[in-house]
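# Coordinate analysis (summary)
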Amino acid sequence: MTKLIRTLALAGLTGTALGAGALTASASSHREAPAIAEDQYVDNTDVYAFISPNNPNNLVIVADYVPLLLPTSGPNFYKFSDNARYEVHIDNDGDAVPDIAYRWTFRSQRKNGATFLYNTGAVDSITSQNLNVTQTYRLEKVNERTGQTTTIMDNIPVAPWNVGKRSFANYEQVALQAVTTRNGVTSFAGPRDEPFFVDLHVFDLLGVAGAHTTDGINVMSLVIEVPITDVASKGVRPAASDTGPKSVVGIYASASRPRVRFLRDERDWDHYGSFVQVSRLGWPLINEVIIPLQDKDKFNRSQPRNDVANFGAYILDPEVPKLLNLVLHANCAPTPAGGRTDIVGLLSPSGTKAADLLRIKINQGQTNIDSHFPNGRALTDDVTDTLLTVACNNGQKIGDGVDANDKPFTTTFPYLASPNSGNP
Amino acid sequence: MHRTLILLAAATCACGKADRAPSPSGAPAATPPLAHATQADLARDVADAERLGTWSDVSRRWQGQTVRWTVTHHRALCGSADDCHVAAFPIQRPARQGWMPQLQFAAGQYDALTGLCGSQDPCEVAIEATLSKLEVSPELPTSVQLSNVQISPTHPRTQTARR
């Protein structure tokens, strides 16, 4: 078992260097619940939020879906579902009820149905006629209080799959043509290198030893960069001195499916009815390791504002430290008599209502260097180590032995690394 | 027309699946008091519903019951009279179910609660309340709402919930 010493930026955690530590981990929210594991295209895996490194007046939000994608996955390469709503919800007044949502809906196109090829020749542009299978999207902003919906951009191309070197002489040059700015919002949708780093051998009886199991894996990413005033309460960025619930926004991503699907003999399936939420995620690892099997699917269908009412007892008395002690003799602290109110506190910063929301300060003066979990989440944050240390709560710093992504992140939008090639 | 009929049929099937042991139609207006009405009894019934599909039966039997429970008040989870949840079971027992009752207080009783607990956090209190809302279903998480909450004037040092 690998021993690990980590320095944590998490407030309130101080602890000394660790000579012997117990390790465990799991993918942030990849295939975390039974039902969503059967519906991969709408399984959201991670949410990141940080002040833009290039403009401190902007907020960057990354919502990843469709977990653990092999680059060599043709001939039907991964995409977003045409029959789903992908949304990022934002609570801007601390009540855990979303006030604003950004909603993506997708549409697939095919130029030539008489071939099995995704692209029929080399692709040097996102508008290339050789790009046979394509997908476009509409991005809308929804006022969740009134239901009013405004289209920000429409008919925007999704970046293609990185099929291989024969198809793309310069893949990233083509993919970045999918970056679009309209109405003050910059957006990207498409495959990226999986930014979450972890040792997934945890599922082999907690057998982690620093294996970089998500290296070389892709994910489908939605990335937006928006003015902070677009998401702040009443459109006003809070003053630097504001420490109240409106000084932060709480973010979660979700995916929803139409309630009814008809499978037909004579043609493709049809969808009917209102949309039903099938997946949601704010913090990493909440549904993964806090919510037990009996409630995982229910968690995905429920709303953050009800998290304490529905799941509060699991948060007060989490299973993780007990498992660490039982299996790995980790010497985690027993749950205190009052329960893990420290975790409740982390889920309710600045006087906000406790909920599974990724909260980030948006005060004037906040910059990119302030955006580290649990104040938002940077792409480089080792949240597995942070959360394991919080869960174990014995003053020692532990982790899974995987401390960074295999590919460096970029300093320009969309900030995520280029996806791994199917034929490098 | 054909599509409408199919949709209606599908909807009917979906509703039927929600409870495989349907409750009798025309439920009585007044709920008979339960002989065993601790939070542990409720937890057991919810667990049985998960196993047997008796969701609506559990909801029908429990909603409207007067309950006298010992619960744990955490200041972090009970920030105001309008947003107050308590732990139904003592901590340091395995959390078999996640729900934490939401309290709706009778007049003056939130102040009574904060006065009783003072600086003690967490704080065990005995309450009497009406179980006004119980959401149990195969689709959504269990949630419990207790209304007209009255705080017992003394700490329940010797009371424990039967499990």
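Please read all numbers here as calculations on a predicted model, not as lab measurements.

Definitions and limits used
- Residues numbered from 1 in each chain as written.
- Chains lettered and ligands numbered in written order.
- Predicted model: local features only at pLDDT ≥ 70, side-chain atom pairs only at ≥ 80, totals over all residues.
- Heavy atoms only, no water.
- Buried < 20%, exposed > 50% of the residue type's maximum accessible area, 1.4 Å probe, protein only.
- Helix = DSSP H or I, 4+ residues; strand = E, 2+ residues; numbered from the N terminus.
- Contact = heavy atoms within 4.5 Å.
- Arc of directions from axis to C-beta.
- Phe/Tyr/Trp six-rings, centres within 6.5 Å; stacked < 30°, edge-to-face > 60°.
- Axes fitted to C-alpha atoms, helices over the stretch in contact; angles between N-to-C directions.
- Parallel < 35°, antiparallel > 145°, perpendicular 65-115°, else oblique.
- Nonpolar A, V, L, I, M, F, W, Y, C, P; charged D, E, K, R; others polar.
- Core = buried A, V, L, I, M, F, W, Y, C linked by side-chain atoms within 4.5 Å.
- Polar contact = N/O pair within 3.5 Å; in protein donor to acceptor, adjacent residues only side chain to side chain.
- 1 Å grid on protein atoms, 1.4 Å probe; cavity = no way out; pocket = protein on both sides within 12 Å on 5 of 7 lines; lining within 4 Å.
- Points joined across faces, edges and corners; volume = space filled by probe spheres on them.
- Disulfide = S-S within 2.5 Å.

### What about helix 4 (residues 293–301) of chain A?
Taken residue by residue, helix 4 of chain A has Asp-295, Lys-296, Asp-297, Lys-298, Phe-299 and Asn-300 of chain A as its buried positions. Tucked inside the fold, the buried residues of helix 4 of chain A contact strand 11 (270–281), helix 3 (286–290) and helix 5 (307–316) of chain A together with helix 2 (39–52) and helix 3 (55–62) of chain B.

### Digging into helix 6 (residues 320–328) of chain A
All names here are of chain A. Turning to helix 6, its buried residues are Val-320, Pro-321, Leu-324 and Leu-328. An end-on view of helix 6 places all buried positions within 100° of arc, on one side of the element. If you follow the buried residues of helix 6, they end up packed against helix 3 and helix 8 (383–392). Backbone geometry just after helix 6 places His-329 at a positive phi near 50°.

### Here we look at the packing of aromatic side chains
Counted under the stated rule, the structure contains 17 aromatic pairs over all chains. Ring plane angle 65° and centroid distance 4.9 Å describe the contact between Trp-283 of chain A and Phe-373 of chain A, whose orientation is recorded as edge-to-face. Taken together, the positions of Trp-283 of chain A in the loop between strand 11 and helix 3 and Phe-373 of chain A in the loop between strand 12 (358–361) and helix 8 put the pair 90 residues apart, joining distant regions of the chain. Using a relative accessible area of 4% as the deciding quantity, one classes Trp-283 of chain A as buried. Residue classification places Phe-373 of chain A among the buried positions, given a relative accessible area of 6%. For the ring pair Phe-89 of chain B and Trp-99 of chain B, a centre distance of 5.8 Å and an interplane angle of 65° mean the geometry is edge-to-face. You can see Phe-89 of chain B sitting in the loop between strand 2 (83–87) and strand 3 (102–105) and its partner Trp-99 of chain B sitting in the loop between strand 2 and strand 3, a full 10 residues away along the chain. Take Phe-89 of chain B: its relative accessible area is 16%, and that puts it in the buried class. Following the ring pairs from residue to residue traces out a cluster consisting of Tyr-41, Phe-77, Tyr-78, Tyr-118 and Trp-161 of chain A.

### Notes on the packing of helix 2 of chain B against helix 3 of chain B
All names here are of chain B. Taken N-terminus to C-terminus, the directions of helix 2 and helix 3 make an angle of 160°; their axes are 8 Å apart at the nearest point. As judged from the angle between their axes, helix 2 and helix 3 are roughly antiparallel. Residues Asp-41, Leu-42, Asp-45, Val-46, Ala-49 and Glu-50 of helix 2 form the contact with helix 3, whose participating residues are Trp-55, Val-58, Arg-61 and Trp-62. Residues that form the contact of helix 2 with helix 3 fall into these classes: 6 nonpolar, no polar and 4 charged.

### Regarding the nonpolar core
Membership of the largest hydrophobic core comes to 95 residues, with the highest contact counts inside it found for Leu-59, Tyr-86, Tyr-102, Trp-104 and Ile-251 of chain A. Of all the elements, strand 2 (residues 58–69) of chain A adds the most residues to this core, at 8 residues. Formed by 34 residues, the second largest nonpolar core is a distinct cluster that contains Leu-42, Val-67, Trp-69 and Cys-123 of chain B.

### Some details on the interface of chain B and chain A
Taken together, the 29 residues of chain B in the interface contact 27 residues of chain A. If you look at where chain B meets chain A, you find 12 residue pairs in polar contact (both at pLDDT 80 or more). Breaking the side of chain B that touches chain A down by element, the ones donating at least two residues are helix 1 (2–17), strand 1 (66–80) and strand 2 of chain B. Residue classes in the side of chain B that touches chain A are distributed as 15 nonpolar, 8 polar and 6 charged.

### Things to note about empty space enclosed by the protein
Residues and elements named next belong to chain A. Evaluated as defined, the whole model comprises 3 cavities of 30 Å³ or more. One number sums up the size of the largest cavity: a volume of about 130 Å³. If you trace the largest cavity, you find 15 residues lining it, with Lys-79, Tyr-118, Val-133, Thr-134 and Gln-135 closest to the centre. Here the lining of the largest cavity gets 3 residues from one element, more than from any other, and that element is strand 5 (residues 133–143). Looking at the lining of the largest cavity, its residues break down into 11 nonpolar, 3 polar and 1 charged. Counted as a void, the second largest cavity has a volume near 50 Å³. If you go around the second largest cavity, the residues you meet are Ile-286, Ile-291, Phe-299, Asp-307, Phe-311, Ile-315, Leu-347, Ala-355 and Asp-356. Ranked by residues supplied to the lining of the second largest cavity, first place goes to helix 5 with 3 residues.

### Brief notes about the state of the cysteines
By the definition in use, this model includes 3 disulfides over all chains. Between Cys-332 of chain A and Cys-392 of chain A runs a disulfide, and the two sulfur atoms are separated by 2.0 Å. Measuring the twist about the S-S bond at about -100°, one finds the Cys-332 of chain A-Cys-392 of chain A disulfide to be left-handed. Of this pair, Cys-332 of chain A sits in the loop between helix 6 and helix 7 (341–346) while Cys-392 of chain A sits in helix 8, placing them 60 residues apart in sequence. At a sulfur-sulfur separation of 2.1 Å, the disulfide partner of Cys-117 of chain B is Cys-123 of chain B. Between Cys-117 of chain B and Cys-123 of chain B, the S-S dihedral sits near -80°, and the bridge is therefore left-handed. Accessibility expressed as a relative area gives 4% for Cys-117 of chain B, which makes it buried. With relative accessibility at 0%, the residue Cys-123 of chain B sits in the buried group. Among the cysteines of chain B that take part in disulfides, numbered as they appear in the sequence, the pairing is 1-2, 3-4.

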